[in-house]
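Okay, here's what each chain looks like letter by letter:
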Amino acid sequence: MIEAKNLIHFYGQERAIDGISLRVAPGEFVALTGESGSGKSTLLAILSTLLRPDSGELRIEGKAPEAWGDLNRFRRRYIGFVFQFHYLIPYLSIAENVALAADRERRQEIPALLARLGIGEIARKKADEISGGQRQRAAIARAVVNRPRILFADEPTGNLDSKNSEKVFDLFRSIADEGTTLVVATHDRRLAERADRIIDIKDGRLV
Ligand SMILES: Nc1ncnc2c1ncn2[C@@H]1O[C@H](COP(=O)(O)OP(=O)(O)O)[C@@H](O)[C@H]1O
Ligand SMILES: [Mg+2]
């Protein structure tokens, strides 16, 4: 559960987020759409606790960030991130990159997860031996392996062709159906339709 009230954030003089209030229910899959520069990445960073807004209120799982105490622990426990630019350890294989992030009891699920994303066959290849789209899917596997309560993804299919974009959204759809809350920024309208709800933003405001 995410609740945000009147979020405002400036970069210098520019009001990148201009009074956004929203609520995302547990297990809800929300697509965040809007043109480039509309504020999607900034809003995701605020909602995911990575960026503190200049003003406004944020509550995750009913609590404000100040009440969390150890923010790292909170993030580890509740939140997964997929960024537009994904960073894997180049010396390790895809499977090892995912295993590094995985809780012990999740490790056995890695082969099936990689297969689901269409990268099962290259699980033993090193991260610097595969394509950008394959790395992106590996980064998605890493972010979802522990089944975070909330998953944030910023243009996660930006480098993918339509077939692999479908696989990623199929995976998102099924983890949402299993109870994960998802907020995914995308400018692909057709993919956004697969979410439960579309939130459209323009100039830092909800449309
Ligand atoms: N780190 C930053 N410093 C200054 N301006 C930024 C920064 N990040 C984003 N902006 C500006 O804030 C606005 C919203 O950007 P962003 O959140 O990245 O939008 P989107 O993800 O929808 O493309 C844009 O005008 C962008 O130029
Ligand atoms: Mg962006």
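This text gives an overview of the structure that appears in the document. (Residues numbered from 1 in each chain as written. Chains lettered and ligands numbered in written order. Predicted model: local features only at pLDDT ≥ 70, side-chain atom pairs only at ≥ 80, totals over all residues. Heavy atoms only, no water.)

Side note on the pairing of strand β7 (residues 181–185)
Move 1: Taking burial as the measure, the five residues of β7 include five buried ones, the bulk of the element.
Move 2: Note that strand β3 (residues 29–33) and β7 share four bridges and pair parallel. Along β7, the bridge assignment pairs Phe29 with Leu182.
Move 3: Where strand β6 (residues 150–154) and β7 come together, five bridges link them in parallel fashion. The residue bridging Phe152 from the neighbouring strand is Val183, located in β7. (Buried < 20%, exposed > 50% of the residue type's maximum accessible area, 1.4 Å probe, protein only. Helix = DSSP H or I, 4+ residues; strand = E, 2+ residues; numbered from the N terminus. Pairing = 2+ DSSP bridges.)

Remarks on the site of ligand 1
Move 1: Taken together, the residues surrounding ligand 1 are Tyr11, Glu14, Ala16, Glu35, Ser36, Gly37, Ser38, Gly39, Lys40, Ser41 and Thr42.
Move 2: One of the backbone N or O atoms of Ser38 is found 3.3 Å from an oxygen atom in ligand 1.
Move 3: Taking 560 Å² as the accessible area of ligand 1 by itself, protein coverage stands at 59%.
Move 4: Here the shell around ligand 1 gets three residues from one element, more than from any other, and that element is helix α1 (residues 40–47). (Near = heavy atom within 4 Å. Polar contact = N/O pair within 3.5 Å; in protein donor to acceptor, adjacent residues only side chain to side chain. Areas by Shrake-Rupley, 256 points an atom, 1.4 Å probe, with all protein chains shown as cover.)

Describing the environment of Arg116
Move 1: Note on placement: Arg116 falls in helix α4 (residues 110–116).
Move 2: Arg116 sits in the partly exposed class, given a relative accessible area of 37%.
Move 3: When the C-alpha atoms of Arg116 and Val168 are compared, they prove to be 8.7 Å apart, with 52 residues separating the residues in sequence.
Move 4: Aside from chain neighbours lying at most four places away, what touches Arg116 is Arg147, Lys167, Leu171, Ser174 and Glu178. (Contact = heavy atoms within 4.5 Å.)

Regarding the environment of Arg142
Move 1: Tracing the backbone through its elements, the reader meets Arg142 in helix α5 (residues 132–144).
Move 2: C-alpha of Arg142 to C-alpha of Leu44: the two residues are 98 residues apart in sequence and 19 Å apart in space.
Move 3: With residues near it in sequence (within four places) discarded, Arg142 still touches Tyr87, Leu88, Asn97, Val98 and Ala101.

Let's talk about the pattern of salt bridges
Move 1: By the definition in use, this model includes twelve salt bridges.
Move 2: The residue Asp170 makes a salt bridge to Arg194 at a minimum N-O spacing of 2.3 Å. Taken together, the residues Asp170 in helix α6 (residues 162–177) and Arg194 in the loop between α7 (189–192) and β8 (197–202) connect sequence positions 24 residues apart.
Move 3: Look at Arg194 and you get partly exposed, because its relative accessible area is 24%.
Move 4: Taken together, the shared-partner salt bridges connect Glu166, Asp170, Arg190 and Arg194 into one network. (Salt bridge = Lys/Arg side-chain N within 4 Å of Asp/Glu carboxyl O.)

Here we look at the sheet that holds strand β2 (residues 14–24)
Move 1: Here we have three strands laid out as an open sheet, ordered β2-β1-β4, and antiparallel in their pairing. Edge positions in the open sheet fall to β2 and β4 (55–60), since each of these has one partner strand only. Sheet twist, expressed as the average angle between the axes of neighbouring strands with direction ignored, equals 20°.
Move 2: Relative to β2, strand β1 (residues 2–11) runs antiparallel, the two sharing eight bridges. Opposite His9, over in β2, you have Ile17 as the bridge partner. (Axes fitted to C-alpha atoms, helices over the stretch in contact; angles between N-to-C directions.)

Here we look at unusual backbone geometry
Move 1: One non-glycine residue, Glu155, adopts positive backbone phi at about 50°.
Move 2: Mapped onto the secondary structure, Glu155 falls in the loop between β6 and α6.
Move 3: Of note in this structure, Asp203 is not a glycine but carries a positive phi near 50°.
Move 4: If you trace the backbone, Asp203 turns up in the loop between β8 and β9 (205–206).
Move 5: A residue is classified by how much of its surface remains accessible, and Asp203, at 57% relative accessible area, is exposed.

Observations regarding the nonpolar core
Move 1: Within the largest apolar cluster, 37 residues are counted, with the highest numbers of intra-cluster contacts made by Phe29, Ile94, Leu114, Leu117, Leu151, Phe172 and Leu182.
Move 2: Counting only elements with at least two residues in this core, the list comes to β3, α3 (94–101), α4, α5, β6, α6, β7 and α7.
Move 3: Among residues more than four places away in sequence, those in contact with Leu117 are Arg137, Ile140, Ala141, Lys167, Val168 and Leu171.
Move 4: Ranked by size, the runner-up nonpolar core spans 25 residues in total, among them Ala4, Leu44, Ile199 and Ile201. (Core = buried A, V, L, I, M, F, W, Y, C linked by side-chain atoms within 4.5 Å.)

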